[in-house]
Amino acid sequence: MSIDRDTIEKNLRLHVDRLAGLIGPRTLSKPKTIQATIGYVESQWSGMGYSHSRECYDAMGDEATNLIVERPGTKRADEIVLLGAHYDTVFSTPGADDNASAVAVLIEVSRLLREHSGKRTVRFVAFACEEPPYFNMDSMGSQHHARLSRERGDNIIGMLCLEMVGYYSLTRGSQTVPPGIPKWMHRFFPQRGNFLAAVGNMPSWKLCWRFRRGFKRGTRRMPLFSICLPEKIHEIRLSDNSSFWDQGYPALMLTDTSFLRNPNYHQATDTPDTLDYPRMTEVTLGVASAMRKLLG
């Protein structure tokens, strides 16, 4: 299959510009921004020929909506591989990296996989309400979805959480280490923020290993730092992956490491022009390749 990196990069730029540039801060307190975001994501999926559904629920008195595309597998349809990203922001930021970058990659990975017939079922989810005041609450979109999945008995064999995947730096010292990591381990962590991190809890080590193999098959241009850590290091629980860990599902956070690298985190300066779209293109190719491996 020929890879058109230019088209992928162009599409990524368009998605981020529409979400973070045109729509801007995306919160339930501004319902029109949420409706515009829902409309944009759904129009992209419809244009690819996907059927999609809405998972609506109450979030502290407001209606919140998860957006879902699911395509059954050919031989192991009961086994599900989920790729997700939250589409909301805090009120203070247009949210280019957090989290339009991840939604853009979610859309483009789903585009690359639209003709892939995997043995396992693929599920794409755009989550509502990841940010405060919903974070770590029952009204968090991924908490709602993971809880329903467990109640239904869904066999999610792997959840991949896209969380801020657009900011990179080649400068030495641009990458910091989570405060919870012991000092003696710091030498094993990269010092340049030029990589994508794949972070799991300890029970997710098999998923991490399989993801790494698949990612590397898709791109040799993008460094990947993969690691599984105890959940007592709270930085690894700061996105939608933790909702699935809470329900006993294996999950990884795929991230540029957020505030450990990006000075624009939750700031008005988190704008589309600060992102590295060629590297986001490589992330897209790597994640799509890993999804193909996981789906079979």
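Here, the structure is the one placed above.
The structure displayed is predicted, hence computed values, not measured ones. Just so you know, the residues in each chain are numbered from 1, in the order the chain's sequence is written. Local features in this predicted model are restricted to residues of pLDDT 70 or higher, and side-chain atom pairs are both shown and tallied only at a pLDDT of 80 or more, whereas totals for entire chains, interfaces and linings draw on every residue. Just so you know, side-chain values use all the structure's heavy atoms and leave hydrogens and water out.

Chemist: I tried to follow the packing of helix 1 (residues 5-23) against helix 7 (residues 277-295) on my own but got confused; where do I start?
Modeler: Two packed helices can be described by the angle between their axes and the distance between those axes. Lines fitted to C-alpha atoms define the axes here, with helix axes fitted over just the stretch in contact, and angles between the N-to-C directions of these axes take values from 0 to 180 degrees. Strands here are runs of E lasting at least two residues and helices are runs of H or I lasting at least four, both read from the DSSP assignment and numbered beginning at the N terminus. Relative to each other, helix 1 and helix 7 sit at 110°, their axes nearing to 9 Å. One finds that helix 1 runs roughly perpendicular with respect to helix 7. Of helix 7, the residues touching helix 1 (which contributes Arg5, Ile8, Glu9, Leu12, Arg13 and Val16) are Tyr277, Pro278, Met280, Thr281, Glu282, Thr284 and Leu285. Tallied by class, the residues present in the contact of helix 1 with helix 7 amount to seven nonpolar, two polar and four charged. These descriptions rest on fixed angle ranges, namely under 35 degrees for roughly parallel, over 145 for roughly antiparallel, 65 to 115 for roughly perpendicular, and the rest for oblique. The contact definition used throughout considers only heavy atoms, calling two residues in contact when any of these lie within 4.5 Å. Three categories are distinguished: nonpolar for Ala, Val, Leu, Ile, Met, Phe, Trp, Tyr, Cys and Pro, charged for Asp, Glu, Lys and Arg, and polar for the others, with Gly belonging to the last.

Chemist: Hey, could you run me through the side chain of Ser239 in this one?
Modeler: Relative to the helices and strands, Ser239 is located in the loop between strand 7 (224-229) and helix 6 (241-246). With residues near it in sequence (within four places) discarded, Ser239 still touches Glu130, Phe135, Met140, Cys161, Glu163 and Met253.

Chemist: Hey, could you run me through the packing of aromatic side chains in this one?
Modeler: Each aromatic ring pair is described using two quantities: the centre-to-centre distance and the angle formed by the ring planes. Centres within 6.5 Å are what make two rings of Phe, Tyr or Trp a pair, Trp counting through its six-membered ring; a difference in plane orientation under 30 degrees is then read as stacked, over 60 as edge-to-face, and the rest as tilted. One pass over the structure, following the stated rule, counts seven aromatic pairs. Judged by centre distance (6.1 Å) and plane angle (55°), the ring pair of Phe127 and Phe244 falls under tilted. Separated by 117 residues along the polypeptide, Phe127 in strand 4 (residues 120-127) and Phe244 in helix 6 bring together distant segments of the chain. Phe127 sits in the buried class, given a relative accessible area of 0%. Between buried and exposed lies partly exposed: a residue is buried under 20% and exposed over 50% of the maximum accessible area for its type, with that area taken using a 1.4 Å probe on protein chains only.

Chemist: Which parts of the structure should I look at to understand helix 2 (residues 31-47)?
Modeler: One turn of the α-helix equals 3.6 residues, which is why residues spaced by three or four share an orientation. The span expected for a helix works out to 1.5 Å for each residue beyond the first. The end-to-end C-alpha separation of helix 2 is 24 Å, in line with the 24 Å expected for 17 residues at 1.5 Å each. Along helix 2, the residues that are buried comprise Thr33, Ile34, Thr37, Ile38, Tyr40, Val41, Glu42, Gln44 and Trp45. In this structure, the buried side of helix 2 is in contact with helix 1, strand 1 (53-59), strand 2 (62-71), helix 3 (96-112) and strand 4. Two residues or fewer after helix 2 comes Gly49, characterised by a positive phi angle close to 95°.

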